[in-house]
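Remarks on the overall topology
Read off the chains here:
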Amino acid sequence: MSIKRNKVTTEIPETPPEGTSLVLDTRLSRHVESVIPKKRQESLKWYGWGYKDSEFYEHDDIIRFKGARYPLDGCELPIFTKWAKSKFNIEFDPTKSFPQLPQTYPKPVQNAPFLNELRGVSKVEHSLDGVDRLVRCHGQTLRDIYSLWNNKFQRIPDLVVWPRCHDEVVQLVRLAHKHNVMLLPYGGGTSVSGAVTCPQGEERMICVLDTSQMNRMLWLNRENLTVCFESGVVGQDLERELRKLGLTVGHEPDSYEFSTLGGWVATRASGMKKNVYGNIEDLVVRVRMVTPSGTLERECSAPRVSCGPDFNHVILGSEGTLGVITEVVLKVRPLPAVQRYGSLVFPDFEQGIRFMREVALRRCQPASVRLMDNEQFVLGQSLKPEKSWLASCVDALKQRYVTSWKGIDLEHICAATLLFEGDLKDVQRQEALINEIAARYKGFPAGGQNGERGYLFTFVVAYVRDFAMHQGIVAESFETSVPWDRCSMLCRSVKRRVASECYKYNITHYTISCRVTQTYDAGACIYFYFGFRSPSIADPVGVFESIEHSAREVILACGGSLSHHHGVGKLRSHWYRNAVTETGSALYSAAKQHLDPRNIFAVGNLLPSKEQLQLEEAEKIEKSEAAAAKAKL
């Protein structure tokens, strides 16, 4: 690994030596036709998640879903309607509209010398347009979306630039460093940690560096099964291009439709099929990152090296604070011959966790195995479309089989969704073994259709948050990883704390649920979903964040991590120093100072910004004064 002083070059990295089997032709070096246009707002919602033409909506007092890309398209959801009304005490208001784009935007801060040099020397396309700036001022946190709906962003980026390659990024970073302009790398905008949210206290000109036009497949080595992509390629575009060649990376995070390769690296992402393909750190062979001090990259693409600390891991998880990731070399695999879904039902969550533990212990995990608690199981079942009379009768018989013959209480039942990939014989062998292990914990197969529905549910459920906000419900997910011996305790403790906090705020209509999404030898990832509706609360997002903060304290006290795959961002920067120790944070700060001496990548992730520290100190004083006043009473 070395830092090369930035210089503009037209060389393609890893140019193949003569006589090798490296496949490199003009087809592979063209831009990928992306599902997301340069003008994001033409295809994606400006005020929420996903495509403009996909959403949950209410008609004739029934919740429905539209979106041709998803299996629920055109479905009426009466069971989900009943669940939502019962859980949150809502009555639909057909006159209530969704937010409209603002008519005016904050005036941009302009650094004239930077703009003059950008226009005079660089060929990089750029925009000062208000809409272009607004749609890139945020990620997908609850606070981000709530602020958009209520037009609360006082600071948005001042300029958007679209570099087309590594060399243009080098130019931009050099100019920004020279003129002291803040740079904010922007990929898919799917962050749920506040990582790409525009720093509200930044006084310098803020330039968003949108990587969407850097999405080429630069080369493919079939012999070594490695591929080089530019960092702006969207997950589904990357997989589509590889599938044409009979290959796959196999990395499918929940945000796979919209997140980018650079974002995966910057956050140390994890995918649903990590059991077969690995997490992003297992897939990355080599990565290039442009910093104000030079380009950081490993010289060698060997499968493993013992050459001091691995600086790939400085880039992985850096969250846009050190530089701009431009190119990534990844491992690829041939497409599996067979892909088969499955599902299992367990009498309760504890039995399900024991099953997951043994599967991990024996290292026989399928590509994906996810365990839902009862609350998530009920929600998942409610998202089934309305059925015919005959199908309803069949469902009634299935329910009787589960409750009467299997003796399972529907108030505690939970389920696991499965995805198997590989050769037919291997899949059959693995499926039989998984079913055998499940039987030891009173589990039994519930069919491939339920497994497929549960797997695809991940992509549809993201749209629920925006519909919920339209109904006055604030909801968000948060996650952690934890050792096996504390897994059950952590789940119970977090749910108890959330319930206690809701009681404190007089919130009676809420949901808190969890699922185990990834398993390891030493522990698992746990994903929580929390939402509430309380019209009497003036600042529902503030209350939500307070409750989630309290839940995070419980997670850490139970031995859970600060994050498994969402990253730290701004939301969890409060705990970062304790998580890595003072020595660790000082080491990170020293690397930051060396790579970015003028702090042009001042996005505020990982270590809190001065503005965040001042806000936290003010909150401490306010709580202390409130406690003192209460004590006097």
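Residues numbered from 1 in each chain as written. Predicted model: local features only at pLDDT ≥ 70, side-chain atom pairs only at ≥ 80, totals over all residues. Heavy atoms only, no water.

1. Quick notes on unusual backbone geometry
A positive phi angle, close to 65 degrees, is found at D61, a residue other than glycine. Structurally, the position occupied by D61 is in the loop between β3 (55-59) and β4 (62-66). Despite not being glycine, L606 has its phi angle at roughly 65 degrees, a positive value. Structurally, L606 can be placed in the loop between α19 (573-595) and α20 (610-632). (Helix = DSSP H or I, 4+ residues; strand = E, 2+ residues; numbered from the N terminus.)

2. Here we look at the packing of helix α4 (residues 142-149) against helix α18 (residues 540-557)
Put simply, α4 and α18 touch, their axes get as near as 10 Å, and they point 175 degrees apart. Between α4 and α18, the crossing angle belongs to the class labelled roughly antiparallel. In this structure, α4 uses L142, R143 and Y146 to contact α18, whose residues at the interface are P540, V541, G542, F544 and E545. Residues of the contact of α4 with α18, tallied by class, amount to five nonpolar, one polar and two charged. (Axes fitted to C-alpha atoms, helices over the stretch in contact; angles between N-to-C directions. Parallel < 35°, antiparallel > 145°, perpendicular 65-115°, else oblique. Contact = heavy atoms within 4.5 Å. Nonpolar A, V, L, I, M, F, W, Y, C, P; charged D, E, K, R; others polar.)

3. Overview of the pairing of strand β11 (residues 226-230)
By the criterion of burial, β11 is predominantly enclosed, with five of the five residues buried. Along β11, one buried face is formed by T226, C228 and E230 and the opposite face, lined by V227 and F229, is buried too. The pairing of strand β10 (residues 217-221) with β11 spans four bridges and is classified as antiparallel. Across the sheet, L220 pairs through a bridge with V227, a residue of β11. The hairpin formed by β10 and β11 contains four residues between the paired strands, and L225 there has a positive phi angle of roughly 55 degrees. Bridge count between β11 and strand β15 (residues 324-331): five bridges; the pairing is antiparallel. Each bridged residue has a counterpart across the sheet, and for C228 the counterpart in β15 is V329. (Buried < 20%, exposed > 50% of the residue type's maximum accessible area, 1.4 Å probe, protein only. Pairing = 2+ DSSP bridges.)

4. Structural notes on empty space enclosed by the protein
All told, the structure shown has six cavities of 30 Å³ or more when counted by the stated rule. Computed from the structure, the second largest cavity encloses a volume of approximately 140 Å³. Lining the second largest cavity are 16 residues, and of these R40, L44, K45, G48 and Q140 lie nearest its centre. (1 Å grid on protein atoms, 1.4 Å probe; cavity = no way out; pocket = protein on both sides within 12 Å on 5 of 7 lines; lining within 4 Å. Points joined across faces, edges and corners; volume = space filled by probe spheres on them.)

5. Description of the pattern of salt bridges
Taken as a whole and assessed by the stated rule, the structure comprises 40 salt bridges. For D596, the salt bridge identified is with K592, shortest N-O distance 2.8 Å. Through salt bridges with shared partners, one network takes in D237, R240, E241 and K244. (Salt bridge = Lys/Arg side-chain N within 4 Å of Asp/Glu carboxyl O.)

6. Quick word on the pairing of strand β22 (residues 509-519)
As a general feature of sheets, a regular strand has side chains that alternate between the two faces. Here β22 lies mainly inside the structure; nine of its eleven residues are buried. Where strand β18 (residues 368-372) meets β22, two bridges bridge the pair, whose relative direction is antiparallel. When the sheet's bridge partners are listed, L371 is paired in β22 with V516. Judged from the ten bridges that link them, β22 and strand β23 (residues 523-533) form a sheet pairing that is antiparallel. Each bridged residue has a counterpart across the sheet, and for I512 the counterpart in β23 is F530.

7. Remarks on the sheet that holds strand β5 (residues 75-76)
In spatial order, the strands read β3-β4-β5; together these three strands make up an open sheet with antiparallel pairing. Each of the sheet's edge strands pairs with one partner strand only, and the pair in question is β3 and β5. In terms of strand pairing, β3 meets β4 through five bridges, oriented antiparallel. Its bridge partner being in β4, E55 is matched across the sheet by K66.

8. Thoughts on the packing of aromatic side chains
Two aromatic rings are characterised by how far apart their centres lie and by the angle between their planes. Evaluated as defined, the whole model comprises 23 aromatic pairs. For the pair W46 and Y47, a centre-to-centre distance of 5.5 Å together with 80 degrees between the ring planes defines the contact as edge-to-face. The pair formed by W46 and Y47 is uniform in burial state, with each residue classed as buried. Relative to F88, the ring of W83 has its centre 5.9 Å away and its plane inclined at 80 degrees; by these criteria the two rings are edge-to-face. F88 carries the same exposure label as W83, and that label is buried. Through a chain of ring-to-ring contacts, three or more aromatic side chains come together here, namely F56, F65, Y70, F80, W83, F88 and Y463. When the ring centre of Y51 is taken as reference, the NZ or CZ atom of R69 above it lies at 3.5 Å. A cation over an aromatic ring shows up here: K274 above the ring of Y520, its NZ or CZ 3.8 Å from the ring centre. (Phe/Tyr/Trp six-rings, centres within 6.5 Å; stacked < 30°, edge-to-face > 60°. Lys NZ or Arg CZ within 6 Å of the ring centre and 35° of its normal.)

9. Considering the packing of helix α1 (residues 78-88) against helix α12 (residues 374-382)
Where α1 contacts α12, the two axes come as close as 7 Å, and the packing angle between them is 135 degrees. Compared by their axis directions, α1 and α12 come out oblique. Mapping the contact onto sequence places I79, F80, W83 and K87 in α1 and E375, V378, L379 and S382 in α12. Broken down by class, the residue content of the contact of α1 with α12 amounts to five nonpolar, one polar and two charged.

10. Side note on the state of the cysteines
Per the stated rule, a full pass over the model turns up zero disulfides. No disulfide involves C558; its nearest neighbouring cysteine sulfur is the one of C491, lying 9.5 Å away. The class for C558 is buried, based on a relative accessible area of 8%. (Disulfide = S-S within 2.5 Å.)

11. Some remarks on helix α17 (residues 487-504)
In this model α17 runs 26 Å from its N-terminal to its C-terminal C-alpha over 18 residues, within 8% of the 26 Å that 1.5 Å per residue would give. Listed in full, the buried residues belonging to α17 are C487, S488, L490, C491, S493, V494, V498, E501 and C502. Of the surrounding elements, those touching the buried residues of α17 are α11 (349-361), β21 (473-483), β22, β23 and α18. Two residues or fewer after α17 comes N506, characterised by a positive phi angle close to 60 degrees. (Expected span 1.5 Å × (residues − 1).)

12. Quick word on the sheet that holds β22
The strand order across the open sheet built from seven strands is β20-β17-β19-β18-β22-β23-β21, with neighbouring strands paired in antiparallel fashion. Every interior strand has two partners, whereas the edge strands, β20 (444-445) and β21, have only one. Across nine bridges, the pairing between strand β17 (residues 338-346) and strand β19 (residues 414-422) is antiparallel. If you follow V338 over to β19, its bridge partner there is G422. Against the sheet, α18 makes contact with β21 and β23, and its axis sits at roughly 10 degrees relative to β21, the strand it touches most.

13. Points about helix α6 (residues 235-244)
The buried count for α6 comes to seven of ten residues, which makes it a mostly enclosed element. Turning to α6, its buried residues number three or more, namely G235, Q236, D237, L238, E239, E241 and L242. Just downstream of α6 lies G246, where phi reads positive at about 75 degrees.

14. Digging into the side chain of T211
You can see T211 is positioned in the loop between β9 (206-210) and β10. According to the relative accessible area criterion, T211 is buried, its value standing at 6%. Setting aside anything within four residues of it in sequence, one finds T211 in contact with Y186, G187, S231 and G232.

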